[in-house]
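A structural walkthrough
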Amino acid sequence: MRSLVRRAAKVNEDRKERTEILATTKDAMSNLMYLLASLLLMLTMNSGPSLAAPFVSKGLFTYPAIPGIAPSGCFSARVRVHDDQAWRPLFTMETVGPAKTKSGIHSRGIYESVTGLSSSWCTFEMDVPVTVEITKLSPGDIETCVIRPISRQLTPVISNDKRSVSFQIEPRFAEKTTARSKQVPVNVAVEINGQTDEMITVFASPHLTDKPQPDDPGVVQVYPGTQPPVDGDWQTLYFMSGVHGLGKKAHPLRPGKRYYIPGDAWVDGSFGEGFRNRADEAKVFGLGVISGRKIGWYEVEQKTASKPIHLFGADTVLEGLTFIDSPYHTSMGGSKDPKRPTVFRNIKTHNWRTNTDGIHFFGSGIAEDCFIHGQDDSHYIAGSADMVRFRRMVYWRDDTFGVDMIFTAEGGQKTPGNSITEDCDSIYNKSTWGGIIIDQRGIGENRWIDGVGIRDFRIENPGRNKPIIKMYLPEYPCSFKNVLLKNISALTDNGHPFQITGGGPESIIENVTFEDIKLGDRWIEDFSPRNFTLAFVKNLKIIRDGKTVATYSSDIETDAGQIRPDPSNLLKNPGFEIAGFAWNGRQVGAAVVPPQEGRFAYQPVDNFNSRNRVSQQVTKEVEKHGGGRYRLSAWMRIGSGKGVGKVALQFIQVNRQTGKQYVDAVTIDPVTLKAGQWVQVAGELVLPWNPEKYDWLRSVHFQAQAQGRFKDLYIDSCRLEAQNEHKVRER
């Protein structure tokens, strides 16, 4: 706030001086030389709107252009205080999804599905109502505009010439916030003509508190082209205007030190030397940019370069910054003391590459008002921490991988009932994993998750091909219980039931409550197959308008006997007798189709890269037997039309020394299917795997699939048998 006062005083002095000059000029109209001199003086005082200097007036603060960074070629932006006619330009930057190259930093870790996509952004500080105007610089008129999250209720107004769109932003406040002023950011995406391949985001931030000045005591000015000090008697590192380069390895963080990156500074590099860099009371903040554009994904994998930021320690703060083109996981932190958590506030990301997760706390932490545009999991909500809070998050994922929120990744909780995510928005969810929003897919053996709440969550674009909510446990002993999902709504119903499946009698999902869940225009009020796929669950409950309307527990003993009814068959649940267990698809009974055997068959559900196919991962089973000959079979039935059935093993093998991958599938000869009849599709094949050439069998999937012009495919009684034995390979 001191910086605002100083700058405001300077602006007022300039205005007073200009007023005096104008008065003198008016009185001296007859003196031509005096008039010309006065006009020349006025021109040298930067009286008009410019991107050459910061501007503060009436609660609005804008930053100048960053020297060395080109402005966006797609959009420009400007802002004004709502009751003022004077517009201020906003420096608008752009990041584009990189193309894969044969060598260099973009040779690996690149998603070609996002190559060429553009995201522009601008940022400013405000505590008064403002109007923002976005101008489209690329060809084509603006026909429609939506501002997301929709819950922000911002109304766009398209200009008469269809080249610009404007909207008003009011200061926004919240009771649950770590910010002393209680004002929280308004971070929005402006979608024009229904397209997401050319977007602009507007980041309207509250005024930063404790903003330093370059000449303050204890401040070290860091200029572009110089390396900042690591240690010393300084209090704050101030990154001056321009582009800074920190190299491949992270700049260490020190306890009690502050690292300020203002809105006119760009840092290529990273901060924090991994999980062991404990820096109690350190603060990294500002409205500037931290970019990973000069670091390769594989360099982070090989530990020759660092992830963008590791901020661990008590009372640590990361605030305001925008992370661009991160090469790997973006921001990680946490505190060992739940009473002094790490705080990530108003963090924004525009990331394109593999593994660009958003925020992960490995310790107690609070994340609030963050805008996460990335290509992997946005954050964990119950991983290795005593206390975790996520508030007012915005999620955006393109046509790549990952989920919005995942309960844990192999770890577990430390303190029951102390993990809450609330008041969040998912604006784009186009992941090729099918668009799962809330996921539980990994928990360590003998680990547990106990007491997690997710509430007031709005989903604008649910995934196409998989359930919005998926909870899955492995077979080994673990625990997942006491979970509340409340006030969750999706604008449309994607037609896929929630999948809630434990891993067996020793890994049960229990005490999960679904309260006021809405998909499209319908409420979830029962445990029917339309709404849920359930296995190895206990004490599930649905609440609607404060009343319990449905409960469910599965027959765990009966289901346990169907996991591996035949030990020679390497597949789990081969007859689909356990709904949703180990397969992707939908269980159907005799009311839909007579099963080939047992009580149930399976109906495939179209997925992102497959139609008419069911799949099960069999990596561990195949690894035990090694490469060689296998016999595969599946029974298939089509309702009408013509088609052929196939079964296959799809695999990924990796040489971890060179990074080379072998991705392929071996398939038996296709078998003709007959409408209205069960047909066995069977055969033998050889799975190639040379552990000396590819030391990691990353994945193997059994797949049963049909192709042709037909209606209604059903599959039953699948088998996978090893025809030659190999010793279990030592790892």
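Residues numbered from 1 in each chain as written. Predicted model: local features only at pLDDT ≥ 70, side-chain atom pairs only at ≥ 80, totals over all residues. Heavy atoms only, no water.

Of the regular secondary structure elements, the protein chain holds five helices and 53 strands. Across the 731 residues that make up the protein chain, the buried fraction comes to 58%. (Helix = DSSP H or I, 4+ residues; strand = E, 2+ residues; numbered from the N terminus. Buried < 20%, exposed > 50% of the residue type's maximum accessible area, 1.4 Å probe, protein only.)

Under the criterion given, the structure shown has 28 aromatic pairs. For the ring pair phenylalanine 371 and tryptophan 396, a centre distance of 6.2 Å and an interplane angle of 85° mean the geometry is edge-to-face. Residue phenylalanine 371 is located in strand E30 (residues 371–374), and its partner tryptophan 396 is located in strand E33 (residues 394–397); the two are separated by 25 residues in the primary sequence. On the accessibility criterion, phenylalanine 371 (0% relative accessible area) is buried. A residue is classified by how much of its surface remains accessible, and tryptophan 396, at 1% relative accessible area, is buried. Put simply, the rings of Phe498, Phe514, Phe527, Phe532 and Tyr552 touch in pairs and so form one group of aromatic residues. Between the NZ or CZ atom of lysine 257 and the centre of the ring of tryptophan 234, over which it lies, the distance is 4.6 Å. The residue whose ring lies beneath arginine 544 is tryptophan 523, and the NZ or CZ to ring-centre distance is 3.6 Å. (Phe/Tyr/Trp six-rings, centres within 6.5 Å; stacked < 30°, edge-to-face > 60°. Lys NZ or Arg CZ within 6 Å of the ring centre and 35° of its normal.)

This part takes up the nonpolar core. Ranked by size, the top nonpolar core spans 70 residues in total, and within it Phe407, Phe457, Met471, Phe498, Ile500 and Phe514 carry the most contacts. Beyond its immediate sequence surroundings of up to four residues, phenylalanine 457 is in contact with Tyr395, Asp404, Met405, Cys424, Asp425, Ser426, Ile437, Ile438, Asn487, Ile488 and Ser489. Of all hydrophobic cores here, the second largest spans 36 residues; its members include Ile668, Val681, Leu687 and Leu697. (Core = buried A, V, L, I, M, F, W, Y, C linked by side-chain atoms within 4.5 Å. Contact = heavy atoms within 4.5 Å.)

Within the secondary structure, glycine 598 sits in the loop between strand E46 (586–588) and strand E47 (601–603). Under the relative-accessibility criterion, glycine 598 is labelled exposed at 58%. Counting along the chain gives 119 residues from glycine 598 to serine 717, while the straight-line C-alpha distance between them is 8.8 Å.

With that settled, the discussion passes to the pattern of salt bridges. All chains considered together, the criterion is met by 37 salt bridges. A salt bridge links arginine 163 to aspartate 141; its shortest N-O distance comes to 3.8 Å. Taken as a pair, arginine 163 in the loop between strand E9 (157–158) and strand E10 (164–169) and aspartate 141 in the loop between strand E7 (130–136) and strand E8 (145–148) lie far apart in primary sequence, 22 residues in all. Here aspartate 695 and arginine 656 are joined by a salt bridge, their closest N and O atoms 3.0 Å apart. Of this pair, aspartate 695 sits in the loop between strand E52 (679–687) and strand E53 (696–722) while arginine 656 sits in the loop between strand E49 (628–654) and strand E50 (661–667); the two residues are 39 residues apart in sequence, bridging distant segments of the chain. Look at arginine 656 and you get partly exposed, because its relative accessible area is 47%. Linked by salt bridges that have partners in common, Arg152, Asp423, Asp425 and Arg458 make up one network. (Salt bridge = Lys/Arg side-chain N within 4 Å of Asp/Glu carboxyl O.)

What follows is about the pairing of E10. Two faces make up the sheet, and in a regular strand the side chains alternate between them. With six bridges joining them, E7 and E10 adopt antiparallel strand pairing. Bridge assignment links valine 130 to a residue of E10, and that residue is isoleucine 169. Bridging between E9 and E10 involves two bridges; their strand directions are antiparallel. In the sheet register, valine 157 faces E10, and the bridge partner there is serine 166. As consecutive antiparallel partners, E9 and E10 are separated by five residues, and within that stretch lysine 162 has a phi angle of approximately 60°, a positive value. (Pairing = 2+ DSSP bridges.)

Quick look at empty space enclosed by the protein now. Tallied over the entire structure, the rule returns three cavities of 30 Å³ or more. Looking at the largest cavity, its volume works out to about 60 Å³. Around the largest cavity sit Arg152, Arg172, Pro185, Val186, Asn187, Asp369, Cys370, Phe371, Arg392 and Val394, which together line it. Residue classes in the lining of the largest cavity are distributed as five nonpolar, one polar and four charged. (1 Å grid on protein atoms, 1.4 Å probe; cavity = no way out; pocket = protein on both sides within 12 Å on 5 of 7 lines; lining within 4 Å. Points joined across faces, edges and corners; volume = space filled by probe spheres on them. Nonpolar A, V, L, I, M, F, W, Y, C, P; charged D, E, K, R; others polar.)

Attention now moves to the environment of phenylalanine 203. Mapped onto the elements, phenylalanine 203 comes out in strand E14 (residues 198–205). Its relative accessible area of 0% is what places phenylalanine 203 among the buried residues. Once the C-alpha coordinates of phenylalanine 203 and proline 185 are considered, the two residues, 18 residues apart in sequence, prove to be 7.3 Å apart. For phenylalanine 203, the contacting residues outside a window of four places in its chain are Trp121, Cys122, Thr123, Phe124, Val186, Asn187, Thr322, Lys348, His350 and Phe371.

Pairing within the open sheet is antiparallel, and its five strands lie in the order E4-E3-E7-E10-E9. Of all the strands in the sheet, the pair left with one neighbour each is strand E4 (88–90) and E9.

Attention now moves to the state of the cysteines. All chains considered together, the criterion is met by zero disulfides. As a non-bridged cysteine, cysteine 370 has cysteine 424 as the owner of its nearest cysteine sulfur, 9.7 Å distant. (Disulfide = S-S within 2.5 Å.)

With an omega dihedral of 5°, the bond running from arginine 148 to proline 149 counts as a cis peptide bond. Looking at the secondary structure, you find proline 149 in the loop between E8 and E9. The backbone of aspartate 315 shows a phi angle near 60°, a positive value even though the residue is not glycine. Position of aspartate 315 relative to the elements: it lies in the loop between strand E22 (309–312) and strand E23 (317–319). Judged by its relative accessible area of 32%, aspartate 315 falls in the partly exposed class. Non-glycine residue asparagine 355 carries a positive phi angle of around 65°. With respect to the element layout, asparagine 355 can be found in the loop between strand E27 (348–350) and strand E28 (359–361).

Put simply, the protein chain has an average pLDDT of 89, and 90% of its residues get 70 or more. For residues 1–48, every residue scores under 50 in pLDDT, and the model assigns this stretch 37 contacts once sequence neighbours within four places are set aside. (pLDDT = per-residue confidence, 0-100.)

The topology assignment puts histidine 373 in strand E30. Sequence separation between histidine 373 and threonine 356 is 17 residues, and the spatial gap between their C-alpha atoms is 9.1 Å. Those residues within four positions of histidine 373 in sequence are excluded, and the remaining contacts are Ser119, Thr349, His350, Asn351, Trp352, Trp396 and Asp398.

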